[in-house]
Amino acid sequence: MGGVAPRTRSKRSNTSTGLGAEPGKAERARALRLLAALDRAYPDAHCELNYSSPHELLIATILSAQTTDVNVNKATPALFARFPTPADYARATPAEIEPYVRSLGFFRNKARAVHESMQAIVERHGGEVPRTMEELLRLRGVARKTANVVLGNAFGVNEGVVVDTHVERLSRRMGLAGPKDSVAAIERRLMVLFPRARWCDLSHLLIFHGRRACKARGATCEHPICAEFGVACENRSPAKVEARRGQKSARAASGAKKPGKTRRGAT
Ligand code: SF4
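This report concerns the structure included in the present document. (Residues numbered from 1 in each chain as written. Predicted model: local features only at pLDDT ≥ 70, side-chain atom pairs only at ≥ 80, totals over all residues. Heavy atoms only, no water.)

1. Re empty space enclosed by the protein
Any space left empty among the atoms is revealed by the rolling of a water-sized probe across them. So the rule is basically this: Using a grid of 1 Å spacing that covers the protein atoms alone, one calls a set of points a cavity when a 1.4 Å probe fits there but cannot get out, and a pocket when the set is open and has protein on both sides within 12 Å along at least five of seven lines; lining residues are those with an atom within 4 Å of a point. Grid points are joined across faces, edges and corners, and a volume is the space filled by probe spheres set on the points. Under the scheme applied, nonpolar residues are Ala, Val, Leu, Ile, Met, Phe, Trp, Tyr, Cys and Pro; charged residues are Asp, Glu, Lys and Arg; polar residues are all the others, including Gly.
For the structure on display, the rule yields three cavities of 30 Å³ or more. Broken down by class, the residue content of the lining of the largest cavity amounts to seven nonpolar, three polar and three charged. Within this model, the second largest cavity holds a volume of roughly 40 Å³. What lines the second largest cavity is Asn-148, Gly-152, Val-157, Asn-158, Glu-159, Gly-160, Val-161, Val-162, Trp-199, Cys-200 and Ser-203.

2. Quick look at the environment of Ala-232
The condition is simple: Helix and strand assignments come from DSSP, with helices taken as H or I runs of at least 4 residues and strands as E runs of at least 2, each series counted from the N terminus.
For Ala-232, the location among the structural elements is in the loop between α12 (224-228) and α13 (238-254). C-alpha of Ala-232 to C-alpha of Arg-173: the two residues are 59 residues apart in sequence and 5.0 Å apart in space.

3. Brief notes about the packing of helix α5 (residues 94-101) against helix α6 (residues 107-125)
As a reminder, the rule being used: Here, axes are lines fitted to C-alpha atoms. For helices the fit covers the stretch in contact, and angles between N-to-C directions go from 0 to 180 degrees. For this classification, under 35 degrees means roughly parallel, over 145 means roughly antiparallel, 65 to 115 means roughly perpendicular, and everything else is oblique. Note: crossing handedness is left-handed where the near helix turns anticlockwise from the far helix by less than a right angle, and right-handed where it turns clockwise. Whether two residues touch is decided by their heavy atoms; if any such pair falls within 4.5 Å, the residues are in contact.
Interhelical geometry of α5 versus α6 gives an angle of 125 degrees and a closest axis separation of 8 Å. Between α5 and α6, the crossing angle belongs to the class labelled oblique. The crossing of α5 and α6 is right-handed. Of the residues in α6, those touching α5 at Pro-94, Ile-97, Glu-98 and Val-101 are Phe-107, Arg-108, Ala-111, Arg-112, Val-114 and His-115. When grouped by side-chain class, the residues that make up the contact of α5 with α6 number six nonpolar, one polar and three charged.

4. A short note on the layout of surface pockets
Within this model, the largest pocket holds a volume of roughly 570 Å³. Of all the elements in the fold, those that place two or more residues in the lining of the largest pocket are α3 (69-82), α8 (144-154), α9 (165-173) and α11 (199-212). At five residues, the largest contribution of residues to the lining of the largest pocket is made by α11. Taken together, the residues of the lining of the largest pocket sort by class into nine nonpolar, twelve polar and six charged. Volume-wise, the second largest pocket comes out at about 150 Å³.

5. Structural notes on the site of the ligand
What counts, and what does not: Only a single heavy atom is needed: when it lies within 4 Å of a molecule or strand, its residue is near that molecule or strand. For this analysis, a molecule is said to be in a pocket or cavity if more than half of its atoms are within 2 Å of the grid points defining it.
If you check the shell around the ligand, you find Leu-170, Arg-173, His-209, Ala-213, Cys-214, Lys-215, Cys-221, His-223, Cys-226, Cys-233, Asn-235 and Arg-236 and nothing else. At a threshold of 2 Å from the grid points, most atoms of the ligand map onto the largest cavity. Tallied by class, residues from the shell around the ligand come to six nonpolar, three polar and three charged.

6. Notes on the pattern of salt bridges
For clarity, the threshold we go by: A pair is scored as a salt bridge if a Lys or Arg side-chain nitrogen falls within 4 Å of a carboxyl oxygen belonging to Asp or Glu. Accessible area is worked out with a 1.4 Å probe on protein chains only. A residue is then buried under 20% of its type maximum, exposed over 50%, and partly exposed in between.
Evaluation of the coordinates by the stated rule reveals 16 salt bridges. With a closest N to O distance of 3.1 Å, Glu-116 and Arg-112 form a salt bridge. Of the two residues, Glu-116 and Arg-112 both sit in helix α6, four residues apart, roughly one turn of that helix. With relative accessibility at 40%, the residue Arg-112 sits in the partly exposed group.

See the structure below:
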């Protein structure tokens, strides 16, 4: 059960959606089993950015570029308190926003993106965050990933799949996408493999798995989900896993304890 299914694809192209070749039955079935396993492992998977309105989520997502959600969540309470509505950001200058986002890196660009996106929301959308991909992509600082976050989490609209660094890495490792697929190709692949109603959940599940389970490159990792699905991850390369098992059984046979780190000065 559950080994890496060959990425067989029928030759029939998905002309109705423009999403590329249809996955084979086995590939789709494997994707659904993986989704169910992730659901069981992370039943509370959710967006980890703190927000209380669509415009706050949009701003938090813009600010999350090149930094962590934890860092963003530390900065946004003061920012959201100082600028409660899109009109407040629109009235302010980027320089007035900068001190609140300075800790997040690229703060000048981010302050400008926040100011200009909120200005556009006030001028073109009556102060409400738009609910379509097309309109969101016209806002400064908003690309597909940010638009998908806002549509999926603030409005419950599954227009695409958020492909962040975790989703990108895991899609490749889990055999959902090819090793050289671009972010855009990965998103298209996930969209044809998984049911539309679950696209937003899927990104949360993969991000939770990436943040909570994945080990740094070079570590040995045998996570049960990855073992069940035969995930092609270099951290569970057969040679490494075998070498570790060999060391364990040799220790068990000799009754020796696992070697600890040598203390400085110890002989
Ligand atoms: S085996 Fe470990 S490191 Fe590799 S994808 Fe799975 S959880 Fe991440």
